[in-house]
Each structure stands twice: as C-alpha cells, then as structure tokens.
Amino acid sequence: VDLAAGEAKVFAAVPGVPGEFPAVVRVAREGGEYVLDNGRLAVFVPATAGEGVPAPLLGLRVNGRRFGAGRWVSGRERVSLRSEVIDPGRVGGRVRLRYDFGTPETGERFSEVTVSLYPDRPFAPVEERHRVDASSRWEFDLTSGMGALTRDRSLALIVAKRTCRS
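Residues numbered from 1 in each chain as written. Predicted model: local features only at pLDDT ≥ 70, side-chain atom pairs only at ≥ 80, totals over all residues. Heavy atoms only, no water.

Considerations on the overall build of the chain
Looking only at helices and strands, the chain features 0 helices and 12 strands. In the chain, the succession of helices and strands from N to C terminus is β-β-β-β-β-β-β-β-β-β-β-β. Among the 166 residues that make up the chain, the fraction classed as buried is 37%. Taking the contacts inside the chain whose residues are at least 6 apart along the sequence as the reference set, 52% of them involve residues at least 24 apart. Per element, the accessible surface of the chain, about 10000 Å² overall, is 50% carbon and sulfur. (Helix = DSSP H or I, 4+ residues; strand = E, 2+ residues; numbered from the N terminus. Buried < 20%, exposed > 50% of the residue type's maximum accessible area, 1.4 Å probe, protein only. Contact = heavy atoms within 4.5 Å. Areas by Shrake-Rupley, 256 points an atom, 1.4 Å probe, with all protein chains shown as cover.)

What follows is the structure in structure tokens.
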C-alpha cells in the first residue's frame with residue numbers, strides 16, 4: 001500500500017476464510033523419498049526407512065541431473081525413523097527427520113535433522129540436533145553420480161549447522 005505524506009488508511013482484521021497461497025517450493029513424496037524442489041535445486045530426503053538406516057540427505061538434483069549419495073554410519077540398529085513435512089512449500093520446503101536409536105539399557109539416543117529449501121536458493125540448510133554415540137554419524141558424498149556435472153559449475157552448496165550432545 002502506498003500512502004502520500006499525511007494520508008491515513010485503516011486496516012481491520014475480520015473473521016473469514018484464509019486465502020490460498022501457491023507453494024513457492026514443491027514438496028512431494030515420490031516413493032520412499034520426499035523431494036524439495038525450488039526450480040534451481042532439488043533435495044531428496046527419506047520419507048521411510050526402507051533397508052538399513054538412510055542418511056538425512058539422499059541426493060541432489062541440479063539441471064535435471066541427480067547426484068550425491070548419503071549413508072548413515074553407526075554401530076547401532078535403528079529403532080525408528082519419523083519423517084514430517086513441517087512446511088509444505090508456502091514459505092519454503094522443510095522436512096524434519098527424527099531417528100530414535102535408544103534402548104532401555106542405553107537411554108534416549110536420537111538424531112533430529114531438519115532439511116530446508118527456500119525459493120531461488122542454490123543451497124539447502126541442514127539443521128541437526130543429536131544425542132548419539134561418538135561413532136554415529138551420517139556422510140554425504142557430493143561427487144557420487146556426478147559424471148559430466150563437474151564441468152557444469154552449477155554445484156549446490158550444502159550448509160550444515162550441528163548441535164551434538166553425548
């Protein structure tokens with residue numbers, strides 16, 4: 001709203017139905033994965049556990065080419081994995097993953113990871129919170145499946161913020 005100097009306008013909140021806003025990031029479930037896609041970068045995260053313990057980041061797609069591979073490294077068996085879409089794309093795409101590794105003998109052991117993707121950004125923030133053994137971690141090999149993409153210069157930057165507690 002543009003107002004001239006000295007001009008006033010009254011706004012009021014009234015009961016009603018909220019408007020529909022189009023998604024600015026596509027968040028879709030494809031098989032056992034969620035895909036967060038902003039048109040420049042797509043990020044793949046697990047929707048289900050499948051075999052073994054999937055890494056929170058399974059792959060990336062730039063210019064139509066998928067590459068990268070994640071894996072979980074741990075001596076523990078996975079107890080459970082929950083995946084939850086916490087922003088379906090209206091502001092950005094966000095998926096929270098909760099890995100529970102605990103047993104009655106070991107107490108609570110978990111890893112909580114939130115992967116986000118925002119409009120027109122060539123990177124995906126990864127926020128982590130852990131209470132796991134020092135030997136538990138996940139790895140992401142950016143070069144896996146890259147092939148000709150290394151000549152493209154359209155590589156994604158992954159920014160990670162970790163908070164760990166033993």
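There is more to say after this.
Observations concerning the pairing of strand β1 (residues 26-30)
Direction of pairing for β1 relative to strand β2 (residues 33-37): antiparallel, over a ladder of 5 bridges. Among the inter-strand pairings, Glu30 is bridged to a residue of β2, identified as Glu33. Between β1 and β2, which pair antiparallel and follow one another directly, the connecting turn spans 2 residues, one of which, Gly31, has a positive phi of 65°. (Pairing = 2+ DSSP bridges.)

Digging into the nonpolar core
Membership of the largest hydrophobic core comes to 27 residues, with the highest contact counts inside it found for Leu41, Val43, Val45 and Leu117. Elements with a contribution of two residues or more to this core: β2, β3 (42-46), β4 (59-62), β8 (93-100), β9 (110-117) and β10 (123-131). (Core = buried A, V, L, I, M, F, W, Y, C linked by side-chain atoms within 4.5 Å.)

Regarding the pairing of β4
Direction of pairing for β3 relative to β4: antiparallel, over a ladder of 3 bridges. Across the sheet, Ala42 pairs through a bridge with Arg61, a residue of β4. Taken together, the 3 bridges between β4 and strand β5 (residues 65-67) define a ladder with antiparallel strand orientation. In the sheet register, Val62 faces β5, and the bridge partner there is Arg65.

Structural notes on the sheet that holds β2
Strands in a sheet are paired, the pairing made by backbone hydrogen bonds, and the direction either parallel or antiparallel. Strand order in this open sheet of 5 strands is β1-β2-β3-β4-β5, and the pairing throughout is antiparallel. Each of the sheet's edge strands pairs with one partner strand only, and the pair in question is β1 and β5. Pairs of neighbouring strands in the sheet enclose a mean axial angle of 20°, with direction left out of account. Inspection of the sheet shows β2 paired to β3 by 5 bridges, in the antiparallel sense. Note that in β3 the partner of Tyr34 across the bridge is Val45. (Axes fitted to C-alpha atoms, helices over the stretch in contact; angles between N-to-C directions.)

Concerning the packing of aromatic side chains
As enumerated under the stated definition, the model contains 1 aromatic pair in all. A cation over an aromatic ring shows up here: Arg66 above the ring of Phe44, its NZ or CZ 3.8 Å from the ring centre. The lysine or arginine in question, Arg98, covers the ring of Phe110, its NZ or CZ lying 4.2 Å from the ring centre. (Phe/Tyr/Trp six-rings, centres within 6.5 Å; stacked < 30°, edge-to-face > 60°. Lys NZ or Arg CZ within 6 Å of the ring centre and 35° of its normal.)

Re unusual backbone geometry
Located in the positive-phi region is Asn63, a residue other than glycine, with phi close to 50°. One can find Asn63 in the loop between β4 and β5. The backbone phi angle of Asp120 is positive, close to 55°, even though this residue is not glycine. Relative to the assigned elements, Asp120 resides in the loop between β9 and β10.

A look at the confidence of the model for the chain
Detailed conclusions should not be drawn from predicted coordinates in areas where pLDDT is low. Of the residues in the chain, 84% reach a pLDDT of 70 or more, and the chain-wide mean stands at 83. Taking the mean pLDDT of every element in the chain, the minimum, 44, falls on strand β12 (residues 157-165) and the maximum, 97, on β2. Of the regions scoring below 50 in pLDDT, residues 151-166 engages in 38 contacts with residues more than four places distant in sequence or in other chains. (pLDDT = per-residue confidence, 0-100.)

Details of the pattern of salt bridges
Where side chains of opposite charge bring their charged atoms close, a pairing between them can arise. Scanning the model with the defined rule gives 10 salt bridges in all. As a salt-bridge pair, Arg61 and Asp37 come within 3.1 Å of each other at their nearest N and O atoms. One end of the pair, Arg61, is in strand β4; the other, Asp37, is in strand β2, with 24 residues separating them in the sequence. According to the relative accessible area criterion, Asp37 is buried, its value standing at 18%. A salt bridge links Glu127 to Arg94; the nearest nitrogen and oxygen atoms lie 3.4 Å apart. A residue pair is termed long-range when its members are at least 10 positions apart, and Glu127 in strand β10 and Arg94 in strand β8 qualify at 33 residues. (Salt bridge = Lys/Arg side-chain N within 4 Å of Asp/Glu carboxyl O.)

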